[in-house]
Protein chains: 2
Amino acid sequence: MTDLPTITAFSWVPDFARGQVRDMVVRWAFAELGLDYRTELLNAASPRGEGYIEWHPFDQVPAYRDEQVEMFESGAILIHLGEMHGHILPHEPAARAKALSWTAAILNTVEPALRPVSLLPLFHGDKPWTQEAVAALRPLAEQRLKRVSAALGEDAWIAGDFSIADILLVFVLRSFGGDMLAAHSNLVAYRDRGIARPAFEQALARHLDDFTTEPA
Amino acid sequence: MTDLPTITAFSWVPDFARGQVRDMVVRWAFAELGLDYRTELLNAASPRGEGYIEWHPFDQVPAYRDEQVEMFESGAILIHLGEMHGHILPHEPAARAKALSWTAAILNTVEPALRPVSLLPLFHGDKPWTQEAVAALRPLAEQRLKRVSAALGEDAWIAGDFSIADILLVFVLRSFGGDMLAAHSNLVAYRDRGIARPAFEQALARHLDDFTTEPA
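Residues numbered from 1 in each chain as written. Chains lettered and ligands numbered in written order. Predicted model: local features only at pLDDT ≥ 70, side-chain atom pairs only at ≥ 80, totals over all residues. Heavy atoms only, no water.

Before going further, it helps to examine the overall build of chain A. When you go through chain A residue by residue, the secondary structure sums to 8 helices and 4 strands. Against the compact-globule benchmark of 17 Å for 216 residues, chain A has a radius of gyration of 18 Å, which places it among compact chains. Reported as C-alpha extents along the three principal axes, the dimensions of chain A are approximately 50 × 45 × 30 Å. Going through the 216 residues of chain A one by one, you find that 56% of them count as buried. Within chain A, contacts between residues at least 6 apart in sequence are counted, and of these 70% link residues at least 24 apart. When the accessible area of chain A is evaluated, it comes to approximately 9100 Å², of which 53% is carbon and sulfur surface. Measuring between centres, the 19 positive side-chain charges of chain A sit 6 Å from its 29 negative side-chain charges. (Helix = DSSP H or I, 4+ residues; strand = E, 2+ residues; numbered from the N terminus. Rg over C-alpha atoms; globule rule 2.2 N^0.38 Å. Buried < 20%, exposed > 50% of the residue type's maximum accessible area, 1.4 Å probe, protein only. Contact = heavy atoms within 4.5 Å. Areas by Shrake-Rupley, 256 points an atom, 1.4 Å probe, with all protein chains shown as cover. Lys, Arg positive; Asp, Glu negative; His and termini not counted. Charge placed at Lys NZ, Arg CZ, Asp CG, Glu CD.)

And the structure:
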């Protein structure tokens, strides 16, 4: 009998964060692959201690462990799962290169432009400078979405067949796209096509089911 | 005879950006591997057109091409070079998983926290809100640096042997660490150890040599 791979997730987060925590990304990948996993639940409101920091240096979720490796950071865990089990990361070199290019672009070019536009109002909405800062940062976020929209065109998925790049991009558009998404009907349809996948729905249900405690 | 791999870079950027453009990351990887490459030079001040957008959807540098694949985004190109040529990305599964975890963490967790603290004063320093916005964003950047410093400890490199994660982390600390780095002597020494490598120096020299035109 083999041990299931383990990921960490939270047993409690504030309501606004439910459905948005990054273990969603890894749960979705497992569901696409039809693979089971075990969760080790942490309370977002209590310190995790040194043992956890050794596993995840930034004290976040998800961390990942299987019989061979320990990992952290959802983008890296997706690459690992894709390589282990295929199907969400192509083997053919040109297709794989395209999926990896998009994966890195979403992590480093798309999400960092969108995140402050979405999160500054949430975390600093009461400050006098927020509106102007967001107005200054928004053009880059809009330009990045425009580029993604043009690259997607009428395709179903961003890098050929459905891949880890789609898992990340749908997550980012859903969490940080906000009202900017409405300017691109193909991106709205793309996000909706992603979250309509049975694997996404399974992942979300299990993610929500794991919120079982009060803040500690 | 085999064609050399090609990367794109700029033939002109403003002075403050020289040494900081992301083709540096890929040039450094080539130099570590002892491999030659060809550059296709673009002018940062002129539009690149549809042909280039098909290669690099975000109209940035570097894009990459070899006999098998086309790619964009420096983080992805590093993974590809590491997989093709070894040496900067371990083959052994646990070591590889650690290097990939750090690679993704630098792209998605470290750099996005540091970048606005470093770039808002540069691009919006004349605005009345900049100082307060930077003050609000700085604690997260400092916390991320503290975690990186703790994880590095007295080690020479961030994920075991020198790897693509170090190429990215040294680049990020050097470009976006600013005065926040001074709080962590091990990170200052780490950055200096990185840029003292002959491969970094070779990459920087060739990067600077390619600035051969005026703004078009």
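The discussion continues.
Glancing now at the environment of B:L81. Residue and element names in this part refer to chain B. As for its position among the elements, L81 is in helix α3 (residues 74–85). Given the relative accessible area of 0%, L81 is considered buried. The spatial distance from the C-alpha of L81 to the C-alpha of R18 is 24 Å, given a sequence separation of 63 residues. Ignoring sequence-local partners within four residues, the contact set of L81 consists of V26, A29, F30, L33, Y64 and G86.

This part is about the sheet that holds strand β3 (residues 63–65) of chain A. Residue and element names in this part refer to chain A. Reading across from one edge, β2-β1-β3-β4 is the order of the 4 strands in this open sheet, with mixed pairing throughout. If you trace the sheet from one side to the other, it starts and ends with β2 (38–43) and β4 (70–72), each paired once. Averaged over neighbouring strand pairs, the angle between their axes works out to 30° when direction is ignored. Taken together, the 6 bridges between strand β1 (residues 6–12) and β2 define a ladder with parallel strand orientation. In the strand pairing of β2, I7 is matched with T39. Of the strands in this sheet, β3 and β4 are in contact with helix α3 (residues 74–85), which crosses β4 at around 135°. (Pairing = 2+ DSSP bridges. Axes fitted to C-alpha atoms, helices over the stretch in contact; angles between N-to-C directions.)

Side chains bearing opposite charge may pair, as long as their charged atoms lie close to each other. Taken as a whole, this structure holds 32 salt bridges over all chains when the rule is applied. Here A:R65 ties to A:E70 by a salt bridge, and the two come within 3.0 Å at their closest N and O atoms. One salt bridge connects B:R191 with B:D192, and the closest N-O pair in it is separated by 3.1 Å. B:D192 sits in the partly exposed class, given a relative accessible area of 35%. Look at the salt bridges and you will find they share partners, linking A:E83, A:R96, B:E83 and B:R96 into a network. (Salt bridge = Lys/Arg side-chain N within 4 Å of Asp/Glu carboxyl O.)

For the pair chain A and chain B, the superposition axis carries a translation of 0.0 Å, the fit reaches an RMSD of 0.0 Å, and the rotation angle comes to 180°. Overall, the copies show the geometry of a two-fold rotation axis. A high fraction, 100%, of the interface residues of chain A reappear at the interface in chain B, so the copies pair face to face through one surface. (Least-squares fit on C-alpha atoms with pLDDT ≥ 70 in both.)

It is worth spelling out the interface of chain A and chain B at this point. The partner chain B presents 44 residues to the 44 residues of chain A that form the contact. Applying the counting rule to chain A against chain B returns 4 salt bridges. The salt bridge involving A:R96 is made with B:E83; its shortest N-O contact spans 2.4 Å. Counting only elements with at least two residues in the side of chain A that touches chain B, the list comes to β4, α3, α4 (93–124) and α5 (130–152) of chain A. If one sorts the elements of the side of chain A that touches chain B by residue count, α4(A) sits on top with 18 residues. Each residue belonging to the side of chain A that touches chain B can be placed in one class, and the counts come to 26 nonpolar, 7 polar and 11 charged. (Nonpolar A, V, L, I, M, F, W, Y, C, P; charged D, E, K, R; others polar.)

Glancing now at the sheet that holds strand β3 (residues 63–65) of chain B. Residue and element names in this part refer to chain B. Strand order across the open sheet formed by 4 strands is β2-β1-β3-β4, with mixed pairing between neighbours. Of all strands in the sheet, those with a lone pairing partner are β2 (38–43) and β4 (70–72), marking the two edges. Recorded for the sheet is a direction-independent mean angle of 30° between the axes of neighbouring strands. Sheet strands in contact with α3 are β3 and β4, and its direction is about 135° off that of β4.

What follows is about the packing of aromatic side chains. Counted by the stated rule, this structure contains 22 aromatic pairs over all chains. With centroids separated by 6.5 Å and ring planes inclined at 50°, the aromatic side chains of A:F58 and A:F72 adopt a geometry described as tilted. Of the two residues, A:F58 sits in the loop between α2 (50–55) and β3 while A:F72 sits in strand β4, which places them 14 residues apart along the sequence. For the pair A:F58 and A:F72, one class covers both residues: buried. Ring geometry for B:F16 versus B:F123: centroids 6.2 Å apart, planes at 75°, classification edge-to-face. Of the two residues, B:F16 is situated in the loop between β1 (6–12) and α1 (23–33) and B:F123 in helix α4 (residues 93–124); the sequence distance between them amounts to 107 residues. The exposure class of B:F16 is partly exposed, given its relative accessible area of 48%. Positioned above the aromatic ring of A:W157, the side-chain terminus of A:R193 is 5.6 Å from the ring centre. Sitting above the plane of the B:Y37 ring, B:R206 keeps its charged end 3.8 Å from the centroid. (Phe/Tyr/Trp six-rings, centres within 6.5 Å; stacked < 30°, edge-to-face > 60°. Lys NZ or Arg CZ within 6 Å of the ring centre and 35° of its normal.)

All names here are of chain A. Taken domain by domain, chain A comprises domain 1 (6–88 + 199–209) and domain 2 (93–197). Using only C-alpha atoms to locate each centre, domain 1 and domain 2 end up separated by 21 Å. With 20 residues of domain 1 at the contact, the number on the domain 2 side is 21 residues. Here domain 1 and domain 2 share an interface that buries about 1800 Å² over both sides, 64% of which is from carbon and sulfur atoms. Of all residues in domain 1, R22, W28 and F200 bury the most surface against domain 2, accounting for 31% of the area lost on that side. Scanning the region where domain 1 abuts domain 2 turns up 3 salt bridges. A salt bridge links R22 to E111; its shortest N-O distance comes to 2.9 Å. (Domains from an automatic or database assignment. Buried area = accessible area lost by both parts, 1.4 Å probe.)

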